[in-house]
Amino acid sequence: MGLTLGAVVLRVQDLDRMVAFWSAALDLVPRAEPEDDWAALRPREGGGVHLSLDLHRSEYALPPRFHLDLYADDRAAEVARLEGLGARVIPLDHHREVDWTLMEDPEGNRFDVCDRPPR
């Protein structure tokens, strides 16, 4: 196949704040100098999917059309670290145990911190 996933684009309201959050959360660095309304982030080490941030108001809806699943070797430690960066845990009312924690970034964009699946 000739296609790969290159980047996920996230619409944000405060570009500087969200660049700081996602850079720290995922150890990303700017791919190029950020513009006034756009920033493209890439993994600091090695390849992988990029995260682009677009300063563009979009309608907020729950559940969101998509969300990020972030894989963690130590989910509890990563959840605590992300809370320290400004994310918050969204309580779940599940009747079964799940292998992920639902969170929101400082602007309310939802993502899951998941136990890393077996390789």
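This text goes with the structure placed above it.
Owing to the predicted nature of the structure, the values given are computational and were not obtained by experimental measurement.

### Let's talk about the pairing of strand β7 (residues 100-104)
- Most of β7 sits out of view: four of its five residues are buried.
- As defined by bridge partners, β7 adjoins strand β8 (residues 110-115) across five bridges and the pair is classed as antiparallel. Opposite Glu104, over in β8, you have Arg110 as the bridge partner.
- Taking the residues that link successive antiparallel strands as the turn, the β7-β8 hairpin has five residues, and the phi of Gly108 there is positive, at about 95°.

### Thoughts on the pattern of salt bridges
- On inspection of all chains with the given rule, the structure shows seven salt bridges.
- Put simply, Asp27 and Arg44 hold a salt bridge, and the shortest N to O gap is 2.6 Å. With Asp27 in the loop between α1 (15-26) and β2 (28-30) and Arg44 in the loop between β3 (38-43) and β4 (50-55), this pair connects stretches of sequence that are 17 residues apart.
- Residue Arg44 is classed as partly exposed on the basis of its relative accessible area, which comes to 43%.
- The partner of Glu78 in a salt bridge is Arg81, with the nearest N and O atoms 2.8 Å apart. Taken as a pair, Glu78 and Arg81 lie in helix α2 (residues 75-84) at a separation of three residues, close to a single helical turn.
- Residue classification places Glu78 among the partly exposed positions, given a relative accessible area of 28%.

How each quantity is defined
- Residues numbered from 1 in each chain as written.
- Predicted model: local features only at pLDDT ≥ 70, side-chain atom pairs only at ≥ 80, totals over all residues.
- Heavy atoms only, no water.
- Buried < 20%, exposed > 50% of the residue type's maximum accessible area, 1.4 Å probe, protein only.
- Helix = DSSP H or I, 4+ residues; strand = E, 2+ residues; numbered from the N terminus.
- Pairing = 2+ DSSP bridges.
- Salt bridge = Lys/Arg side-chain N within 4 Å of Asp/Glu carboxyl O.

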